[in-house]
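Structural overview
The residues making up each chain are set out below.
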Amino acid sequence: MALVNPRRRARECAVQAIYSWQVSRNDLADVETSFITEQDMKGVDSKYFRELLNGVAKNTAELDDKMTPYLTERSVDELGQIELAILRIALYELMKRQDVPYKVVINEAIELTKTFGAADSHKFVNGVLDKIAPTIRTR
C-alpha cells in the first residue's frame, strides 16, 4: 500500500471537520477536539490540519466573497456542503500558503472532491478553481 502524503491526509481530515462545522454550527474548538479524539489521525500533518481548519473558519467571509463571482448560476448558499468546504480549503491555500504551488492546490481539491463529493462535482470544483487561481497568483 502506498504511503499517503501527510498533507493530503490533513486536507482529507480538514474537509470532514469543516463539513461538520458548517453543518452543525458548533463551536470550532469543539469540532476540532471531537474530530481529533474520534477520528484516525495517523499519518496526518496535524499542524497543517489545524491551520486549514482554523484558517478557513477565520476567513470564511473573505473566501466566500472571493469565490462568489466565479460561481456561475449558483450562489455560495446553493453549493453542497462538501464542495463548499473543499473550495474554501483550496482558496485558503491559494491566498495564504504561497509555498504550495497553485497546480497542487487545484489537483488536491479535485482529488478531495472525487473522494468526498457528489458524482462529477470535481468538474465544477475544477472549473471554479481554474478561473479563480490566476486572479490570486501566477503559479
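What you see is a predicted model; the values in this text were computed from it and never measured.

**Regarding the packing of aromatic side chains**
What the rule picks out here adds up to one aromatic pair. Pairing Phe35 with Phe49 gives two aromatic rings, centres 5.5 Å apart and planes at 25°, and the pair type is stacked. Here Phe35, found in helix H2 (residues 28-38), pairs with Phe49, found in helix H3 (residues 46-58); they are 14 residues apart in sequence, far enough to count as distant. Taken individually, Phe35 and Phe49 each receive the classification buried, so the pair is uniform in this respect.

**What to know about helix H1 (residues 6-24)**
Between its first and last C-alpha, H1 extends 27 Å over 19 residues, near the 27 Å set by a 1.5 Å rise per residue. Among the residues of H1, those classed as buried are Arg9, Ala10, Arg11, Glu12, Cys13, Ala14, Val15, Ala17, Ile18, Trp21 and Gln22. Contacts from the buried residues of H1 go to H2, H3, helix H4 (60-67), helix H5 (81-96) and helix H6 (102-116).

**Some remarks on the pattern of salt bridges**
In total, this model carries 12 salt bridges according to the counting rule given. Note that Glu12 and Arg9 form a salt bridge whose closest N and O atoms lie 3.1 Å from each other. Taken together, the residues Glu12 and Arg9, both in helix H1 and three residues apart, mark about one turn of the helix. The pair formed by Glu12 and Arg9 is uniform in burial state, with each residue classed as buried. Between Arg50 and Glu32 there is a salt bridge whose closest N-O contact spans 2.8 Å. Of this pair, Arg50 sits in helix H3 while Glu32 sits in helix H2; the two residues are 18 residues apart in sequence, bridging distant segments of the chain. Residue class for Arg50 comes out partly exposed when judged on its relative accessible area of 37%. One salt-bridge network, held together by shared partners, links Arg7, Glu51, Arg97 and Asp99.

**As for H3**
End to end, H3 covers 18 Å across 13 residues, agreeing with the expected 18 Å (1.5 Å per residue, within 8%). For H3, the set of buried residues is Tyr48, Phe49, Leu52, Leu53, Gly55, Val56 and Ala57.

**A short note on unusual backbone geometry**
Although it is not a glycine, Arg25 adopts a positive phi angle of roughly 60°. We classify Arg25 as exposed; its relative accessible area is 72%. Phi at Glu73 takes a positive value of approximately 60°, unusual for a residue other than glycine. Assignment of secondary structure puts Glu73 in the loop between H4 and H5.

**Considering the UniProt feature "domain: NusB/RsmB/TIM44" (unreviewed entry) in the protein chain**
In the UniProt entry, the feature "domain: NusB/RsmB/TIM44" (unreviewed entry) is given for residues 8-133. Helix makes up 74% of residues 8-133 and strand 0%, with an end-to-end C-alpha separation of 19 Å.

**Thoughts on the packing of H3 against H5**
Where H3 contacts H5, the axes come no closer than 10 Å and their chain directions differ by 100°. In this view, H3 runs roughly perpendicular relative to H5, as classed from their interaxial angle. Along its contact with H3, which presents Tyr48, Glu51, Leu52, Gly55 and Val56, the element H5 presents Arg88, Ile89, Tyr92 and Glu93. Residue composition of the contact of H3 with H5, grouped by class: five nonpolar, one polar and three charged.

**Points about the nonpolar core**
Ile18, Phe49, Met67, Leu71, Leu87 and Leu129 are the most contacted members of the largest nonpolar core, which has 46 residues in total. Of all the elements in the fold, those that place two or more residues in this core are H1, H2, H3, H4, H5, H6 and helix H7 (121-136). Here this core takes 11 residues from H5, the largest share from any one element.

What counts and what doesn't
Residues numbered from 1 in each chain as written. Predicted model: local features only at pLDDT ≥ 70, side-chain atom pairs only at ≥ 80, totals over all residues. Heavy atoms only, no water. Phe/Tyr/Trp six-rings, centres within 6.5 Å; stacked < 30°, edge-to-face > 60°. Helix = DSSP H or I, 4+ residues; strand = E, 2+ residues; numbered from the N terminus. Buried < 20%, exposed > 50% of the residue type's maximum accessible area, 1.4 Å probe, protein only. Expected span 1.5 Å × (residues − 1). Contact = heavy atoms within 4.5 Å. Salt bridge = Lys/Arg side-chain N within 4 Å of Asp/Glu carboxyl O. UniProt positions renumbered as here; feature names shortened; annotations may be inferred. Axes fitted to C-alpha atoms, helices over the stretch in contact; angles between N-to-C directions. Parallel < 35°, antiparallel > 145°, perpendicular 65-115°, else oblique. Nonpolar A, V, L, I, M, F, W, Y, C, P; charged D, E, K, R; others polar. Core = buried A, V, L, I, M, F, W, Y, C linked by side-chain atoms within 4.5 Å.

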